[in-house]
Each structure stands twice: as structure tokens, then as C-alpha cells.
Amino acid sequence: QVQLVESGGGLVQAGGSLRLSCAASIRTFSSYSMGWFRQVPGKEREFVARITWRSGITNYADSVKGRFTISRDNAKNTVYLQMNSLKPEDTAVYYCAAAQAGRSGPYVRESTYNYWGQGTQVTVSS
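So, how was this worked out
- Residues numbered from 1 in each chain as written.
- Predicted model: local features only at pLDDT ≥ 70, side-chain atom pairs only at ≥ 80, totals over all residues.
- Heavy atoms only, no water.
- Phe/Tyr/Trp six-rings, centres within 6.5 Å; stacked < 30°, edge-to-face > 60°.
- Helix = DSSP H or I, 4+ residues; strand = E, 2+ residues; numbered from the N terminus.
- Buried < 20%, exposed > 50% of the residue type's maximum accessible area, 1.4 Å probe, protein only.
- Lys NZ or Arg CZ within 6 Å of the ring centre and 35° of its normal.
- Polar contact = N/O pair within 3.5 Å; in protein donor to acceptor, adjacent residues only side chain to side chain.
- Contact = heavy atoms within 4.5 Å.

Things to note about the packing of aromatic side chains
Consideration 1: Following the criterion strictly, the structure yields six aromatic pairs and no others.
Consideration 2: Aromatic side chains Y32 and Y115 sit 6.2 Å apart centroid to centroid with 50 degrees between the ring planes, which places their arrangement in the tilted category. Taken together, the residues span a long stretch of sequence, with Y32 in strand β4 (residues 32–39) and Y115 in strand β10 (residues 115–116) at a distance of 83 residues.
Consideration 3: Ring geometry for F47 and Y107: centres 5.1 Å apart, planes at 55 degrees, overall tilted. Of this pair, F47 sits in strand β5 (residues 46–51) while Y107 sits in the loop between β9 (92–100) and β10, and the two are 60 residues apart along the sequence.
Consideration 4: For Y107, a relative accessible area of 27% puts it in the partly exposed group.
Consideration 5: The positively charged end of R19 is found above the aromatic ring belonging to Y80, 3.9 Å away from the centroid.
Consideration 6: Here the guanidinium or amino end of R45 rests over the ring plane of Y95, the centre of that ring lying 3.8 Å away.

As C-alpha cells, this is what we get:
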């Protein structure tokens, strides 16, 4: 009984902004680190951002650093991805992921995460 549901995707012009949300039906949400990945058809899934469960430390892929911000609201069991200065290269399906505290592995690896959402499409036009 764990479910992650992304929302907020859509079509925006280059330079615009978009805010993604991920609602988690996890009993102990505050004990999970949360991450965002993205994937373009025909390519590997790519790490985007992560926020830890303990101290709220954030990590970002170099390609989005300075433009994207990950945050969480434990009271609402929700993680967010604020995307600013969007580029056409940001076009992808964005996935929310959860990693339970104590799980080993680097945060950039898909296998580190226990649960995944179904994804939400983000399209950035030039």
C-alpha cells in the first residue's frame, strides 16, 4: 500500500516555470528520502534532484542546478519540484521516487529507490 502520484506537468515555453507535485500514500513519509528523475523516449532515466528525510539536504543534477528546487511538506506527504528557466532539453516524463531510510546506494541510481510514481509529462517548446 504505497503509491506515488505526480501532477503539475504540462506544456510551457522556454524560459517559463512549472511546479510538479508528488503526493505519497506512505505511512511514514517523513522517513523517506524523495527524489525526482526524468526520462526521454529511447534514453536512460536520468537523476534530477533529491531531498533527504533527516535534514532536508538537497542534491541536484548539474544540468538543473540553479534552475530547479526540490522541497517537501511532511504534513501533506508531498514533495515538490519547482522548475524555473525551463529549456527544451528539460522535456521529458518526470518521475517521483521514494527511498526508505537505511536503504543503501547512491541517490543518483534508480535502484536506490523503493517506490516510483507513474510519471507526468513536461514539454518545453522553443
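Here the narrative resumes, following the displayed structure.
Brief notes about the side chain of R38
Consideration 1: Note on placement: R38 falls in strand β4.
Consideration 2: Within polar-contact distance, the side chain of R38 engages the side chain of Y94 at 2.9 Å.
Consideration 3: What R38 contacts, discounting residues up to four positions off in sequence, is E44, R45, E46, V48, S63, V64, F68, E89, D90, A92, V93 and Y94.

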